[in-house]
Amino acid sequence: MFELLPRTGIVLPRGAGTLSFAMAERPAQWAVATLCDVRQTWVCGLEWSFAAEYGGVSLLVGGGREEGMNHVALDRIGDAPGTSATTPVVWQDIDLFGYPHQEVTRALGEIPADMRLVFPAPPGTHLVGVRLHAATA
């Protein structure tokens, strides 16, 4: 289970640790590498980034040299937006990819400003992604 911690970061599955905003690139990569293979990537606007896939969920992590990690994206892998994802992605004890998005958004209430949900194209029913960004002062 990936547990989202808006304003803080994300708890990785299987006791792999927590990716915290402001964390340096190398420790973030090492934590994720205890779960799965890590691939370097390039994302416009980020000074560093890497990607990984675990349990039907893709993970993209990035940041800057000075401020450290400031971006986390989790996306469902595959083309079945009408079903639950294999690995839960949880916030407030709700599996964001496990239930239809109407139920999820109704149960969550207000979404923090540093978190963005990615909705499916019709006829999809389940969320396809979630983004967390470090809060800016």
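Rules used throughout
- Residues numbered from 1 in each chain as written.
- Predicted model: local features only at pLDDT ≥ 70, side-chain atom pairs only at ≥ 80, totals over all residues.
- Heavy atoms only, no water.
- Helix = DSSP H or I, 4+ residues; strand = E, 2+ residues; numbered from the N terminus.
- Rg over C-alpha atoms; globule rule 2.2 N^0.38 Å.
- Buried < 20%, exposed > 50% of the residue type's maximum accessible area, 1.4 Å probe, protein only.
- Contact = heavy atoms within 4.5 Å.
- Areas by Shrake-Rupley, 256 points an atom, 1.4 Å probe, with all protein chains shown as cover.
- Lys, Arg positive; Asp, Glu negative; His and termini not counted.
- Charge placed at Lys NZ, Arg CZ, Asp CG, Glu CD.
- Pairing = 2+ DSSP bridges.
- Axes fitted to C-alpha atoms, helices over the stretch in contact; angles between N-to-C directions.

Colleague: Account for the overall build of the protein chain, with residues named and values stated.
Modeller: A count of helical and extended segments in the protein chain gives 2 helices and 11 strands. Reading the secondary structure of the protein chain in the N-to-C direction produces β-β-β-α-β-β-β-β-β-β-α-β-β. Since a compact globule built from 137 residues should have a radius of gyration of about 14 Å, the 14 Å found for the protein chain is in line with a globular shape. The dimensions of the protein chain, computed from C-alpha atoms along their principal axes, are 40 × 35 × 30 Å. For the protein chain, with 137 residues in total, the buried portion stands at 47%. Considering only residue pairs separated by 6 or more positions, the protein chain has 39% of its internal contacts joining residues 24 or more positions apart. Total accessible area computed for the protein chain in this model is approximately 7100 Å², and 53% of it derives from carbon and sulfur atoms. Counting 9 positive and 14 negative side-chain charges, the protein chain places the centres of these two groups 2 Å from one another.

Colleague: Hey, could you go over the sheet that holds strand β5 (residues 48-54) for me, with residue numbers and the actual values?
Modeller: Sheets are built from strands that pair by backbone hydrogen bonding, the pairs being arranged parallel or antiparallel. Taken in spatial order, the 6 strands make up an open sheet running β4-β5-β6-β7-β11-β10, and their pairing is antiparallel. Edge strands, defined here as strands with exactly one partner in the open sheet, are β4 (38-40) and β10 (115-118). Each adjacent strand pair in this sheet contributes to an overall mean axis angle of 20 degrees, direction not counted. Pairing of strand β6 (residues 57-64) with strand β7 (residues 68-76) involves 8 bridges; the strand directions are antiparallel. For V57, the partnering residue across the bridge sits in β7 and is R76. Across the face of the sheet, helix α1 (residues 25-33) comes into contact with β4, β5 and β6 while running at roughly 10 degrees to β5.

Colleague: So what's going on with the pairing of β5? Residues and values would help.
Modeller: Counted residue by residue, β5 has 5 buried out of 7 residues, so it is predominantly covered. Alignment of β4 against β5, held across 3 bridges, turns out to be antiparallel. By the bridge assignment for β5, Q40 is matched with F50. Remark: 2 residues form the turn of the hairpin made by β5 and β6, two consecutive strands paired antiparallel; G55 in that turn has positive phi of roughly 55 degrees.

Colleague: Account for the sheet that holds strand β8 (residues 89-91), with residues named and values stated.
Modeller: Reading across the sheet, the 5 strands line up as β3-β2-β1-β8-β9 and stay open at both edges, with mixed pairing between neighbours. The strands lining the two open edges of the sheet, one partner per strand, are β3 (18-20) and β9 (94-95). Pairing between strand β1 (residues 2-5) and strand β2 (residues 9-11): 3 bridges, direction antiparallel. Counterpart to E3 in the pairing with β2 is V11.

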